[in-house]
Amino acid sequence: MSRLRIVVTGLAATYPLGGVFWDYLQYPLGFQSLGHEVLYLEDTGRWCYDPVAQTFIEDGAANAAYLAREIPRLDPTLADNWFFRDCAGKIYGRNWSEVVEFCRSADLFVHVSASCKMRDEYFAASRVAFIDSDPMYTQASIPEYAAGTVADDARERVEMLRAHDVFFTFGENVNNPGCRIPRVLFDWIPTRQPIVLDRFEGAGVEVPLASRRRVLTTVLSWEPAEKGPVVEGVTYGGKGIEFERYIGLPAVSAIPLELALGGKAPIERLRSNGWLIRDAYEVSKDPWVYRDYLANSFGEWSVAKNAYVASRSGWFSCRSACYLSLGVPAVVQDSGFGCALPRGEGVLSFSTLDEACTAVEQLVADPARHSRAAREIAHEYFDARKVLSRLIEEAM
């Protein structure tokens, strides 16, 4: 493959949390590991999140400092290859003229998760790809747009989307019967989170099974009022709707369950049902603390957003992919991802409370087998070299 110039967008400074950092920065790191010249670009038009105050702020200086500190720790060669503009227009990292020149000469601009305020300068790249990491939410307004009944703000979003050249989605079941993701106007290509495996393996990163905490964990933000998408007249919800179906699981689980929670969660109700509670920022204040928290877990247990599950989207969590890469098995709610990923060893899926209880029992009965399988799945299905090589081939 010839050496390409690639721009990747993200939200790592806007939301300075460990999981968000890994979600987005593994794209530029992965492309660079393939030999390409990469620029990480963050220009969201949004206020920045302050995780300590748990509020949004206009000034992005502290968020830019976080990015400037953590990117070199990820890879020193990326230290000067980033650009961040806060909502007040202040620029950090590379200067604007260099960014404009890079985008104008770029072979590929990768717009991840609708994270970027797409300016004319960004569309100057030879190919502009969109990656939908939030299936059903991304496509919600498209049927109304096609029918000519969409509201003005939604029309602008769809028209921005249509200006891209190629379209990828984490909804890996998108082209199969039974999946409800709208396909009108767009040809969606399945993709998934790339994992740069050497950042999740080896001494100082991996935790031997015998040394892990004997608890299943996950990290999540609890939304106070989840407003899911309305797609072709059907209202879908967020993660809280699905969580209610499993709130009694600790009482019948073979192993304790812990939630690292952000947002205004019903903590006392969760505790009364047996859930162990941690503060999400405590375990995700930087990428390395977050990675250590995952690595020290016996396994992951998590539900998905109702929109992902009810639509049979085939979505699989970026966070779960990180668990697997650390050799930590994932017990996760089925969203239809069996069309693309193996289940039963390493990844154990469930659709009911009884199935969730059984999956936990299977993990506890043979944790070594499931840990080996978790790492094998990570290598076969999430290796950034494979995921991003395929993405380039399909985008170009």
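About the cut-offs
Note that residues are indexed from 1 along each chain, following the sequence as it is written. Only residues with pLDDT of at least 70 get local features here, since the model is predicted, and only at 80 or more are side-chain atom pairs given and counted; chain-wide, interface and lining totals rely on the full set of residues. Derived side-chain values reflect all non-hydrogen atoms in the structure, with water molecules and hydrogen atoms excluded from consideration. Numbering of helices and strands runs from the N terminus, with a helix taken as a DSSP run of H or I at least four residues long and a strand as a DSSP run of E at least two residues long. Throughout this description, buried means an accessible area under 20% of the type-specific maximum (1.4 Å probe, protein chains only), exposed means over 50%, and partly exposed covers the range between. Should any heavy atoms of two residues lie within 4.5 Å, those residues are considered in contact. Surface exposure here means Shrake-Rupley accessible area, sampled with a 1.4 Å probe, where a residue is shielded only by the protein chains that are shown. Counted as positive: Lys and Arg. Counted as negative: Asp and Glu, with His and the chain ends omitted from the count. Note that the charge is assigned to NZ on lysines, CZ on arginines, CG on aspartates and CD on glutamates. We call two N or O atoms a polar contact when they sit within 3.5 Å, provided that within protein one can donate a hydrogen and the other can accept it, with sequence-adjacent residues counted only if both atoms are side-chain atoms. What we call a nonpolar core is a set of buried Ala, Val, Leu, Ile, Met, Phe, Trp, Tyr and Cys residues that are connected through their side-chain atoms within 4.5 Å. We call two strands paired when DSSP finds no fewer than two bridges between them. Inter-axis angles, ranging from 0 to 180 degrees, are taken between N-to-C directions of lines fitted to C-alpha atoms, where helices are fitted over the stretch in contact. Throughout, the arc means the angular range of directions from the helix axis out to the C-beta atoms. The rule for a salt bridge is simple: a side-chain nitrogen of Lys or Arg has to be within 4 Å of a carboxyl oxygen of Asp or Glu.

Draft legend 1. Main features of the overall build of the protein. Of the regular secondary structure elements, the protein holds 14 helices and 18 strands. Reported as C-alpha extents along the three principal axes, the dimensions of the protein are approximately 60 × 50 × 45 Å. In the protein, buried positions account for 56% of the 396 residues. Contacts spanning at least 24 positions in sequence make up 72% of the contacts within the protein whose residues lie at least 6 apart. By element, 48% of the accessible surface of the protein is carried by carbon and sulfur atoms, the whole surface being about 15,800 Å². Between the averaged position of the 41 positive side-chain charges in the protein and that of its 52 negative side-chain charges there is a distance of 2 Å.

Draft legend 2. Representation of the side chain of serine 311 within the structure. Of note, serine 311 is situated in the loop between α10 (306-310) and α11 (318-325). For serine 311, a relative accessible area of 0% translates into the label buried. For serine 311, the side chain forms a polar contact with the main-chain oxygen of alanine 307, separated by 2.6 Å. If we ignore the near neighbours within four places in the chain, the residues touching serine 311 are Met136, Gly178, Cys179, Arg180, Tyr236 and Asn306.

Draft legend 3. Geometry of the nonpolar core. In terms of nonpolar packing, the biggest core is built from 76 residues, with Phe31 and Leu324 touching the most fellow members. In terms of residue count, helix α1 (residues 18-33) provides more of this core than any other element does, eight residues in total. Ignoring anything within four residues of it in the chain, the contact list for phenylalanine 31 reads Ile6, Val8, His36, Val38, Val110, Leu388, Leu391 and Ile392. Counting residues in each nonpolar core, the second largest holds 27 residues, with Leu216, Trp222, Leu259 and Phe298 among its members.

Draft legend 4. Main features of the sheet that holds strand β14 (residues 257-263). With respect to topology, six strands assemble into an open sheet ordered β15-β14-β11-β16-β17-β18, the strand pairing being parallel. Of all strands in the sheet, those with a lone pairing partner are β15 (276-279) and β18 (347-350), marking the two edges. Shown here is a sheet whose adjacent strand axes are inclined to one another by a mean of 25°, direction ignored. The sheet strands contacting helix α9 (residues 287-295) are β11 (213-222), β14, β15 and β16 (297-302), and the helix crosses β11 at an angle near 135°.

Draft legend 5. Representation of the pairing of strand β7 (residues 108-112) within the structure. Counting buried residues along β7, five of its five residues qualify, which places the element largely inside the surrounding structure. Because side chains alternate across β7, one face comprises the buried residues Leu108, Val110 and Val112, and the other comprises Phe109 and His111, equally buried. One ladder, built from three bridges, connects strand β1 (residues 5-9) with β7; its direction is parallel. The residue bridging isoleucine 6 from the neighbouring strand is leucine 108, located in β7. Pairing of β7 with strand β8 (residues 127-132), which is carried by five bridges, proceeds in the parallel orientation. Each bridged residue has a counterpart across the sheet, and for valine 112 the counterpart in β8 is isoleucine 131.

Draft legend 6. Structural context of helix α5 (residues 152-162). Among all positions in α5, only Ala154, Val158 and Leu161 are buried. Seen from one end, α5 has its buried residues packed into an arc of 55°, which puts them on one side. Exposed residues lying more than 90 degrees from the buried face of α5 are Asp152 and Glu156. Considering only its buried residues, α5 is in contact with β8, α4 (142-147), β9 (166-169) and β10 (188-190).

Draft legend 7. Just the pattern of salt bridges, in detail. What the rule picks out here adds up to 28 salt bridges. For glutamate 242, the salt bridge identified is with arginine 245, shortest N-O distance 2.8 Å. Residue class for glutamate 242 comes out buried when judged on its relative accessible area of 4%. For the salt bridge of glutamate 258 with arginine 278, the shortest nitrogen-to-oxygen distance reads 3.5 Å. Highlighted residues: glutamate 258 in strand β14 and arginine 278 in strand β15, separated in sequence by 20 residues. One continuous salt-bridge network, built from bridges that share partners, spans Arg3, Arg5, Glu37 and Glu101.

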